[in-house]
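# Overview (structure and organization)
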Amino acid sequence: MNLAPYAVGRDGPFGPAEAAHLLRRAGFGAMPTERAAAVQAGLDATVERLVAPLFAAGAEGDEAARFAALGAGAAPNDELPALQGAWLGRMVHSRAPLAERLALFWHGHFATSIEKVRRGAAMWAQYELFRARGGGRFGELVGAVARDPAMVVWLDSESNEKTHPNENFSRELFELFTLGLSHYDEHDVKEAARCFTGWHLKDGRFWRNERAHDPARKRVLGRDGLQDGDEVIALAVEQPACAEFLGAKLLREFVTDAPSPEAVLEAAAALREERLELAPFLRRLLRSRLFFAAEQRRARIAAPVEWAVGLLRRTGSRVKWSALGRELGEMGQALFAPPNVKGWDGGRAWISSRTLLARGRFAASLAYGDPALGLAVDWDERLGAAAAGDGATLVAVLAERLVDGDLAASSRDELTAFADSADAGRGAERAARIAHLMLSAPEALLQ
Amino acid sequence: MKANQALRRSTVPAVGSGATRREFLGGGLSALAALPLLPRFGWLDAALGSRRTDRIVVLVDLAGGNDGLNTVVPHADPLYAKARPTLKLAAGDLLPLSPELGLRRELAPLHRRFEAGELAIVQGVGYPRPDRSHFKSIDIWHTAQREPDSAAPGWITRLVEQEPFAAAGRTPLLMCGGGSVPRAIVGAHGPAPQVDRLEALAPAAGPGEGAAARVAALERLAESGGTSGSPLDFLRTTTRAAQRQSAQVARAAERGSVRSDYGRAPIGGSLRLAAQLIAGGLEGNVFYVRQDGYDTHAFQADAHALLLTDLGRALGAFWDDVVAAGAIERVVVLCWSEFGRRVAENGSKGTDHGAAAPLFVLGRDVRGGLHGDAPRLDALVDGDLPHAIDFRRVYAALLAQWFGVAPEPILGAAYAPLPLFGRAG
């Protein structure tokens, strides 16, 4: 019953805390005013507003166009910073944050890196594919990704030929994209690779090179007679293991780092009912009992991109977009350059001493301002009279804005005492110091 | 009693473990199998004496699956040239290890150590039922479990989380270099610290007076509390550890200096950091570094040569700096990859995922030379080289002979240590 609808009233309220949870997980977090508006609109309308853009991808406002131009117009020698900045800019300004969130999920799922692809335009086109079709049928998305030029380069499909099949794509198709380990064997990898022979590029576009294709009938995943890659994809996607694999991964992305086996089975069943179409599945997931269960709140470690984008949205800080991607790399999530084809492990793997220190530096840069990153927050303007209030007032107002009011009691006490001490300084400087310390509290990394 | 004498008694059968009797008989240890069986515990502590907290291992992870066959090359075998029509290397491309085997010229700094008897090349290393998934195979190597469950800790963390390695004020395990945190260094209490740039070690305190007060507040905010094992508890524990250990690392870095040329590749930067911290007297035992890029499915020749050049230069520079620091007697290097590559090259002038491969152990106290048998290209299994030596026998040797601890509790089963350390004995 994990995925049964959360009944407002019987199962609990849909108040500011629930709205904040929903907007953190399905977007990048919200200002207090947005939270209040969501409560006013109610759970159904809020989920609908988040999910609707997934059914009509591309219906995005001017901001998206602005940042698309930034991505496409990047100079060759600084392609990666420009690409990263363009996507991050979209995330911060998007009115369809779930579409960006889902694109980020797919980027981690079909993890492709510019380090090998070398063509920024192809990387950007792959991201646009995730964003435009991420809410659609999974099988269609896999088919599109298998033809995506960046992927073709990334997993060596270009050199997959009848005379010498290259297994790189077919192996990852089963292991990382559709089924997971132990649902296929080496024979399947080899035979599937033959099915994808000739899936090449010509002038940078997908091209079926019939001369390189092996038209023989192959046996894959226990079925005889397969000829072409599309048949392999269709067969993989209809395996029971696929819905479970994908369901578990979506639960980890949106609900919990450690989904229970029952929850995975339910998610798989729901995915099958929706014929592996993501948008309706997410609509169910985001208004489920499991999603709103108390133990899921603030129980997931925010990915660096989610965390930093959320802070930029919450503070309205100016930022030098092309400098931002590198900072996120230090935190462990360089967009367009995942560590390997498995993507980012996520969860606790986000955390090391190195990445924690990098997050601390970003928190300080945001709070105090940083010319190199173009960061600047006018705390006086943001906080008004509260900036000069007593410690408890300042901490409460900042907490509402930065962490949806969620602070451990011990942290609240510590910050209040600090704000009331001589060490805090005065005015905007004091507000910046409290903001810095607050964002450096361990719980501020939880989502 | 000397370490290798203890080793000679270590023919304990692996009850219920992944190791088979055949593995104990491999690697030139067959005579030992005739020795009487001994009790599983007790003898080790008595035999090995004290735990060597002064000693260091640098773990060098060649990520992606290094092509072992084109690293330690059986150039004299006609089957080799046949399997590698475009990638084959001739004797002239190689530095001699034996009449049949040559080491890549790019690894000349390692070859010098081989000639000095300070490099062990262990051949045919792998594990039963080889898995060709990078990620599964990495998990297997990093946990030392054939079927690791999701909670299995990094094998080396089970060494450094025990006393006296884990004593207060020490940094027993440290990753040098950027990138994701490998499973090998994630223990029961979270990940070991990681450093890639020394200038990034100081906590961000912000501008203006009173930085010390803010740093103190940052530390108090991370004081533990909350439900044990919860995400918040995890974050607090790791934050606090990061604060403490970063300070220890920064102090060691200030004291230590290096001067060799490590090249510009990331592996050079990582090994330079390790050398500097060793020179600076960091109280630690395990440094983990990683070199990415060995997944050479296509157009392997140039990429592989470049990787090995970077590796050879970095290891040579590291060796020189550690010698200059007077620490070389305390340091060994273990260099491995999650699998080798398919014997036959593919149609893309590359190689696909394979199985067994050679690994390197480097150090003054190492019993240099070739260990195990050269790969037999006429006895492939599914196109791959089968393993003759379980990698956990190398781990066991490191634990027993180098660190003086009983391997079995750490590895979860008894693996006969290979005779790799204790040169004098």
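Before going into details, it helps to say that this report is about the structure given with it. Since we're looking at a predicted model, the values are computed, not measured. Starting from 1, residues in each chain are numbered consecutively following that chain's sequence as written. Chain A is the first chain written and ligand 1 is the first ligand written, with later ones labelled in order. With pLDDT at 70 or above as the cut-off, local features in this predicted model cover only qualifying residues; side-chain atom pairs require 80 or more to be listed or tallied, and sums for whole chains, interfaces and linings still use all residues. Computation of side-chain values: all heavy atoms of the structure, hydrogens and water removed.

Below, the discussion takes up the overall build of chain B. Secondary structure elements are taken from DSSP: a helix is a run of H or I of four residues or more, a strand is a run of E of two residues or more, and numbering for both begins at the N terminus. Secondary structure assignment for chain B yields 13 helices and 14 strands. A 1.4 Å probe rolled over the protein chains alone gives each residue an accessible area, and that area as a share of the maximum for its type sets the label: buried under 20%, exposed over 50%, partly exposed in between. Counting over 425 residues, chain B shows a buried share of 60%. Partitioning the intrachain contacts of chain B with sequence separation of at least 6 by distance along the chain shows that 73% fall at a separation of at least 24. Carbon and sulfur atoms form 53% of the exposed surface of chain B, whose accessible area is close to 16,000 Å². Here, residues are in contact when the closest pair of their heavy atoms is within 4.5 Å. Per-residue accessibility takes into account occlusion by the displayed protein chains alone, with areas from the Shrake-Rupley method and a 1.4 Å probe.

Positionally, A:Ala364 belongs in helix H20 (residues 353-368). The class for A:Ala364 is buried, based on a relative accessible area of 8%. Sequence spacing of A:Ala364 and A:Arg433 is 69 residues, and the spatial spacing of their C-alpha atoms is 8.3 Å. Discounting chain neighbours no more than four positions away, the residues touching A:Ala364 are A:Gly369, A:His436 and B:Ala204.

Considering soluble globular proteins, one finds that nonpolar side chains tend to be buried as a cluster. Take the buried residues of types Ala, Val, Leu, Ile, Met, Phe, Trp, Tyr and Cys, join any two whose side-chain atoms come within 4.5 Å, and each joined set is a nonpolar core. Ranked by size, the top nonpolar core spans 160 residues in total, and within it A:Leu22, A:Trp106, A:Phe110, A:Phe138, A:Phe174 and A:Met438 carry the most contacts. Here A:Phe138 is in contact with A:Trp106, A:His109, A:Phe110, A:Phe177, A:Thr178, A:Val237, A:Cys242, A:Leu246, A:Leu276 and A:Leu278, once residues within four sequence places are set aside. Grouped together as the second largest cluster of nonpolar side chains are 49 residues, B:Phe114, B:Ala253, B:Leu311 and B:Ala327 included.

Reports of interface size often rely on the accessible area that becomes lost once the parts have come together. Between chain B and chain A, the contact holds 53 residues from the first and 48 residues from the second. Summed over both partners, the interface of chain B with chain A buries about 4,100 Å², with 60% contributed by carbon and sulfur atoms. Broken down residue by residue, the surface that chain B buries against chain A is led by B:Phe135, B:Leu221 and B:Leu235, which jointly contribute 17%. Every case where a carboxyl oxygen of Asp or Glu lies within 4 Å of a side-chain nitrogen of Lys or Arg is listed as a salt bridge. Summed over the shared surface of chain B and chain A, the result is four salt bridges. Salt-bridge contacts for B:Arg220 lead to A:Glu414; the nearest nitrogen and oxygen are separated by 2.8 Å. A per-element tally of the side of chain B that touches chain A places helix H9 (residues 231-255) of chain B first, with nine residues. Throughout, the ten residues Ala, Val, Leu, Ile, Met, Phe, Trp, Tyr, Cys and Pro are labelled nonpolar, Asp, Glu, Lys and Arg are labelled charged, and all others, Gly among them, are labelled polar. Looking at the side of chain B that touches chain A, its residues break down into 22 nonpolar, 19 polar and 12 charged. By buried area we mean the combined loss of accessible area, with a 1.4 Å probe, across both parts when two parts are placed together.

All right, on to the packing of aromatic side chains then. Residue and element names in this part refer to chain A. Aromatic contacts are taken between Phe, Tyr and Trp rings whose centres are within 6.5 Å, Trp giving its six-membered ring; a plane angle under 30 degrees counts as stacked, one over 60 as edge-to-face, and the others as tilted. For the structure on display, the rule yields 29 aromatic pairs over all chains. Between Phe 110 and Phe 130 the ring centres are 6.0 Å apart and the planes differ by 15°, which places this aromatic pair in the stacked class. Of this pair, Phe 110 sits in the loop between helix H6 (97-109) and helix H7 (114-117) while Phe 130 sits in helix H8 (residues 120-133), placing them 20 residues apart in sequence. Each member of the pair Phe 110 and Phe 130 is classed as buried. Both rings, one in Trp 124 and one in Phe 336, keep their centres 6.4 Å apart while their planes meet at 40°; by these two values the pair is tilted. Highlighted residues: Trp 124 in helix H8 and Phe 336 in the loop between helix H19 (321-330) and H20, separated in sequence by 212 residues. Classification of Trp 124 by relative accessible area gives buried; the value is 8%. Taking relative accessible area as the criterion, Phe 336 reaches 1% and is therefore assigned buried. An aromatic cluster of three or more residues is present, and its members are Phe 105, Trp 106, Phe 110, Phe 130, Phe 138, Phe 169, Phe 177, Phe 196, Trp 199 and Phe 206.

All right, on to helix H18 (residues 304-315) of chain A then. All names here are of chain A. To estimate how far a helix should extend, the number of its residues minus one is multiplied by 1.5 Å. The end-to-end C-alpha distance of H18, which contains 12 residues, comes to 16 Å, matching closely the 16 Å that a straight helix rising 1.5 Å per residue would cover. When H18 is considered as a whole, its buried residues turn out to be Pro 304, Val 305, Glu 306, Trp 307, Ala 308, Val 309, Gly 310, Leu 311, Leu 312, Arg 313, Arg 314 and Thr 315. Two residues or fewer past H18, Gly 316 is found with a positive phi of approximately 65°.

A pair of packed helices can be characterised by two numbers: the angle between their axes and the separation between those axes. Residue and element names in this part refer to chain A. Between N-to-C directions, angles span 0 to 180 degrees; the directions come from axes that are lines fitted to C-alpha atoms, helices contributing only their stretch in contact. Running from amino to carboxyl end, H18 crosses H20 at an angle of 10°, the nearest separation of the two axes being 12 Å. The pairing of H18 with H20 is recorded here as roughly parallel in orientation. Residues Pro 304, Trp 307, Ala 308, Leu 311, Leu 312 and Thr 315 of H18 pack against Arg 359, Phe 362, Ala 363 and Leu 366 of H20. Its residues assigned to classes, the contact of H18 with H20 comprises eight nonpolar, one polar and one charged. Put simply, angles under 35 degrees are roughly parallel, angles over 145 are roughly antiparallel, angles from 65 to 115 are roughly perpendicular, and the rest are oblique.

Opposite charge on two side chains permits pairing when their charged atoms draw close. Residue and element names in this part refer to chain A. Scanning all chains against the criterion turns up 57 salt bridges over all chains. When the shortest N-O distance is used, the salt bridge between Glu 306 and Arg 101 registers 3.1 Å. One end of the pair, Glu 306, is in helix H18; the other, Arg 101, is in helix H6, and 205 residues separate them in sequence. A relative accessible area of 4% means that Glu 306 is categorised as buried. Residue Glu 128 pairs with Arg 131 through a salt bridge whose shortest N-O separation is 3.9 Å. Taken together, the residues span about one helical turn, with Glu 128 and Arg 131 both in helix H8 at a distance of three residues. Three or more residues are tied together by salt bridges with common partners; here these are Arg 24, Arg 35, Arg 298, Arg 314, Glu 400, Asp 404 and Asp 406.

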